[in-house]
Amino acid sequence: MLSEILNCKRLDLYLKFDQPLKSNEVDKYREWIFRRGKFEPLQYITGKVEFYGITFRVTPDVLIPRPETEILVETILNDYKNNGAVKVLDIGVGSGCIAISLAKNLAGCEVLGIDISEDAIRIAGENSNACEAVDKLKLIAGDIRHQSFQEQFDLIVSNPPYVSKNEFETLQKEIKEYEPSIAVTDQNDGLDFYRIISTRLDSLLKPAGKIYFEIGKDQASEVADILRENGISKIIVIKDLQGIERIITGEKE
Ligand code: GLN
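What you are looking at is a predicted structure, and each value in this text was computed from that prediction instead of being measured.

About the cut-offs
- Residues numbered from 1 in each chain as written.
- Predicted model: local features only at pLDDT ≥ 70, side-chain atom pairs only at ≥ 80, totals over all residues.
- Heavy atoms only, no water.
- Buried < 20%, exposed > 50% of the residue type's maximum accessible area, 1.4 Å probe, protein only.
- Helix = DSSP H or I, 4+ residues; strand = E, 2+ residues; numbered from the N terminus.
- Arc of directions from axis to C-beta.
- Contact = heavy atoms within 4.5 Å.
- Pairing = 2+ DSSP bridges.
- Axes fitted to C-alpha atoms, helices over the stretch in contact; angles between N-to-C directions.
- Core = buried A, V, L, I, M, F, W, Y, C linked by side-chain atoms within 4.5 Å.
- Parallel < 35°, antiparallel > 145°, perpendicular 65-115°, else oblique.
- Left-handed = near helix turned anticlockwise from the far one by under 90°.
- Nonpolar A, V, L, I, M, F, W, Y, C, P; charged D, E, K, R; others polar.

Draft legend 1. Just helix α12 (residues 220–229), in detail. If you check which residues of α12 are buried, you get A220, V223, A224, I226 and L227. Looking down the long axis of α12, one finds its buried residues gathered within 160 degrees of arc, a one-sided arrangement. Pointing more than 90 degrees away from the buried face of α12 are the exposed residues S221 and E229. Residues of α12 that are buried sit in contact with α11 (192–204), β7 (205–214), β8 (232–239) and β9 (245–252). G231 sits one or two residues past α12 and shows a positive phi near 80 degrees.

Draft legend 2. Representation of the sheet that holds strand β4 (residues 110–115). Strand order in this open sheet of 7 strands is β5-β4-β3-β6-β7-β9-β8, and the pairing throughout is mixed. Every other strand in the sheet has two partners, leaving β5 (137–141) and β8 as the edge strands with one partner each. Looking at each pair of strands side by side, their axes are set apart by 15 degrees on average, direction ignored. In this structure, strand β3 (residues 87–91) lies alongside β4, joined through 5 bridges in parallel fashion. The residue bridging K87 from the neighbouring strand is E110, located in β4. With respect to the sheet, α12 is in contact with β7, β8 and β9, its orientation differing from that of β8 by roughly 160 degrees.

Draft legend 3. Structural detail: the nonpolar core. Formed by 37 residues in total, the largest nonpolar core has its most connected members in L102, L155 and V157. Counting 32 residues, the second-largest nonpolar core is a separate cluster that includes I156, F213, A220 and L227.

Draft legend 4. Molecular detail of the environment of V93. The residue V93 is located in the loop between β3 and α6 (97–105) in this model. Residue V93 is classed as buried on the basis of its relative accessible area, which comes to 4%. For the pair formed by V93 and L77, sequence separation is 16 residues and the distance between their alpha carbons is 17 Å. Discounting chain neighbours no more than four positions away, the residues touching V93 are A99, G113, I114, D115, I121, A124 and L139.

Draft legend 5. Inspection of the packing of α11 against α12 at higher detail. For the pair α11 and α12, interaxial distance at closest approach is 9 Å and the crossing angle is 25 degrees. Taken together, the axes of α11 and α12 are roughly parallel relative to one another. When you trace α11 past α12, the crossing you get is right-handed. Together, Y194, R195, S198 and L201 of α11 and V223, I226 and L227 of α12 make up the contact between the two elements. Class assignment for the residues of the contact of α11 with α12 results in 5 nonpolar, 1 polar and 1 charged.

Keep in mind these values describe shape, not function.
Rendered as structure tokens:
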């Protein structure tokens, strides 16, 4: 927090150990420490987070991008690096971290991001402007249950709210009290959005189009069943750096 306030590297704090703080710097530092002491996430205090080498602005309107989600982006970039024009749909775009990372790194792609939260769409729009992804990214506020689309997609990606109602109660204060709960939990068994999205895959995916989901701990086999029931095959599960099954992907038959 101090290096952020002084706009310097952490190392510089040690190199300039004797530098007195100005009163406005002390005031801001005190306020930030007070907020962090009440478990407000650091990323909401500083208003930013690094994701896939890009700095994203974050507010309590959006979920804080997690390092695990970078594996989702990396998996897609790997699978599509030699494809030409790819039409992508990101459901629950949030801060825009997935959509913008793909727009920036996937040559020839067109990305459409949808989110039920207008506030989230506004933040995603700001992030898209800031890193010049605008020409490849469109954003719409809408509910995936009712939204109609004029086109089909080569790939659909989503990191939906997958924490169950019961598990939500056990989460740390930083998440439970500060992150938008509609981005974290479905208030049910954690699988609702996999069901909702999967029923739309047949109409939204082009033939041989692919779905990429981020999933929670121990959800892989249930999500695989939901996908199979909805005409998705060639299912692959990928683990995160902690060895937890985190990504599931499959193809429309
Ligand atoms: N797609 C965004 C992310 O991965 C938001 C996800 C969400 O709000 N559940 O961070």
